[in-house]
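Chain residues, written in single-letter form:
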Amino acid sequence: MADDDSTSSKDSSVTGKLADESDDVTAESEELSVSSPAVEVTLDSLAIDESRNVNNSLDDPADSNIRTVTPGDTPYTSAVRFEDLSLSPELLTGLYVEMGFQRPSKIQSISLPMILTPPFKNLIAQAHNGSGKTTCFVLGMLSHVDPKLAAPQTLCICPT
Ligand SMILES: Nc1ncnc2c1ncn2[C@@H]1O[C@H](COP(=O)(O)OP(=O)(O)OP(=O)(O)O)[C@@H](O)[C@H]1O
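Below you will find a few notes about this structure. If you're wondering where the values come from, they're calculated on a predicted model, not measured in any experiment.

1. Some points on the layout of surface pockets
Okay, so step 1: What the second largest pocket holds in volume is close to 310 Å³.
Okay, so step 2: Along the walls of the second largest pocket sit 13 residues, with I115, L123, A125, C136 and F137 positioned nearest its centre.
Okay, so step 3: Those elements that place two or more of their residues in the lining of the second largest pocket are α4 (106–116) and α5 (133–142).
Okay, so step 4: Tallied by class, residues from the lining of the second largest pocket come to eight nonpolar, three polar and two charged.

Okay, here's the thing in structure tokens:
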């Protein structure tokens, strides 16, 4: 019993000491993170070149360097018109009437058949800023939503 008591008192003193040490370490690391040098970034390097028309990307020429890589057979053909995709009448109205789109951009014509036509697969798509990628994943999400079901049905995780 005496041994047990001495052990527990030893333990609590050790514990107290560790907690103190731990506080010191926290204070030290806070100081370190405040004083660590930042990478130098000049304002000029962050400037956006306004002379570049972002929406030019919507009209990528047919021979632009877009590659599609799919495993196995590829039953997908690119869509020339939004009607070539199995979109609901409501989504087609939204595209043509509300958004005023006339035809799919290059990235849309290639990726939308992959997104909207079975067999559904995971997709990684890469294209210029302003080339219409948002429409690709939004149409993919909306085409799977049941408007009669009042519950969250899709999740979009996006870093921008
Ligand atoms: N098929 C289309 N026809 C006409 N305009 C379109 C079409 N698709 C998208 N747009 C318009 O082009 C602009 C850029 O599209 P969007 O934001 O989808 O591009 P993005 O590739 O997602 O851009 P970012 O890389 O900056 O996120 C938007 O104003 C959008 O409404």
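2. A few points about the side chain of T135
Okay, so step 1: As for its placement among the helices and strands, T135 is situated in helix α5.
Okay, so step 2: Apart from the residues within four sequence positions on either side, T135 is in contact with L95, F101, Q108 and L112.

3. Quick notes on unusual backbone geometry
Okay, so step 1: A cis amide bond, omega 5°, links P118 with the succeeding residue P119.
Okay, so step 2: By the secondary structure assignment, P119 is in the loop between α4 and α5.

Cut-offs used in this document
Residues numbered from 1 in each chain as written. Predicted model: local features only at pLDDT ≥ 70, side-chain atom pairs only at ≥ 80, totals over all residues. Heavy atoms only, no water. 1 Å grid on protein atoms, 1.4 Å probe; cavity = no way out; pocket = protein on both sides within 12 Å on 5 of 7 lines; lining within 4 Å. Points joined across faces, edges and corners; volume = space filled by probe spheres on them. Helix = DSSP H or I, 4+ residues; strand = E, 2+ residues; numbered from the N terminus. Nonpolar A, V, L, I, M, F, W, Y, C, P; charged D, E, K, R; others polar. Contact = heavy atoms within 4.5 Å.

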